[in-house]
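# Inside the fold
Listed below are the residues making up each chain.
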Amino acid sequence: MPREPRTLDEEIIAAEEAAVRSTLTDEDRIERISEELRMGFEALAQVGAAASFFGSARTQPDDPDYRLARETARMVGESGLTVITGGGPGLMEAANRGAKDAGAMSVGLNIELPFEEGANPYCDIALEFHYFFTRKIMFVRYASGFVVFPGGFGTMDELWEALTLIQTGKIVEFPVVLVGTDYWRGMIKWVGDRMLGEGNIGADDLELLTITDDPEEVRDLLMSAAHRQARA
């Protein structure tokens, strides 16, 4: 017997698989996707210039990375930017908390998952998404840049998504800042040695990334592109 899909993402991706029961028609799926996009567009229409923060959901409040994410988000918020996160615990919570410390708008875009808790308590706007791809649109559409702290697969997914969009010209004037030099140094070396060394990217592509441990540098880089979302 086919099993029930665990999430709506699985329902749509595994719709042609015999092992997973199809619970919606394609017409119903299109309608749900449309409704989710409309929900995000309407809720975030007035957030103004913003930055999206990413990082591990597993980081504890006593971790130095948590404190650094909170401080960085506070400085970014004090500069007038909205802070957008995935809405969960860990470093996402730290960034939303830092935005609240600054009195800035704090947004959490939570995702329905079978193994994670809901939104953290530091969000002025907390939205729940069923589909990863509709949620990703919100992270990019309403942000002037990405701030990426140490994290796992989800964090890497958002990082490479942003770099692909920039490299292919889908978004411009969009800084991507990696915070945590010890964490990211090995990956950047591999990108230079293998991706660049074997001709799979160009030398200019390495310049799409900035690595730092300095919250002030993060703020300054984001403010240099804040005009991107400066509509009244």
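Let me sum up the structure you'll find in this document.

When helices and strands are counted, the chain shows nine helices and seven strands. For the chain, buried positions account for 47% of its 232 residues. Considering only contacts within the chain whose residues lie at least 6 apart along the sequence, 67% involve residues at least 24 apart. For the chain, the exposed area adds up to about 11,800 Å²; of that, 51% sits on carbon and sulfur atoms.

Glancing now at the sheet that holds strand β6 (residues 176-179). The pairing of strands in a sheet happens through backbone hydrogen bonds and is either parallel or antiparallel. Reading across from one edge, β4-β3-β2-β1-β5-β6-β7 is the order of the seven strands in this open sheet, with parallel pairing throughout. On the outer flanks of this sheet lie β4 (125-129) and β7 (209-212), each paired with one strand and no other. Sheet twist, expressed as the average angle between the axes of neighbouring strands with direction ignored, equals 20 degrees. Against the sheet, helix α2 (residues 26-44) makes contact with β3 (106-111) and β4, and its axis sits at roughly 170 degrees relative to β4, the strand it touches most. Of the strands in this sheet, β1 (50-54), β2 (82-85), β3, β4 and β5 (146-148) touch helix α5 (residues 132-141), which is tilted by about 160 degrees from β3.

Moving on to the environment of L68. Inspection of the secondary structure assignment puts L68 in helix α3 (residues 64-78). The sequence separation of L68 and F149 amounts to 81 residues, and the corresponding C-alpha distance is 9.2 Å. Residues contacting L68, with those up to four places away along its chain left out, are F149, V179, D213 and P215.

Scoring rules and cut-offs
Residues numbered from 1 in each chain as written. Predicted model: local features only at pLDDT ≥ 70, side-chain atom pairs only at ≥ 80, totals over all residues. Heavy atoms only, no water. Helix = DSSP H or I, 4+ residues; strand = E, 2+ residues; numbered from the N terminus. Buried < 20%, exposed > 50% of the residue type's maximum accessible area, 1.4 Å probe, protein only. Contact = heavy atoms within 4.5 Å. Areas by Shrake-Rupley, 256 points an atom, 1.4 Å probe, with all protein chains shown as cover. Pairing = 2+ DSSP bridges. Axes fitted to C-alpha atoms, helices over the stretch in contact; angles between N-to-C directions.

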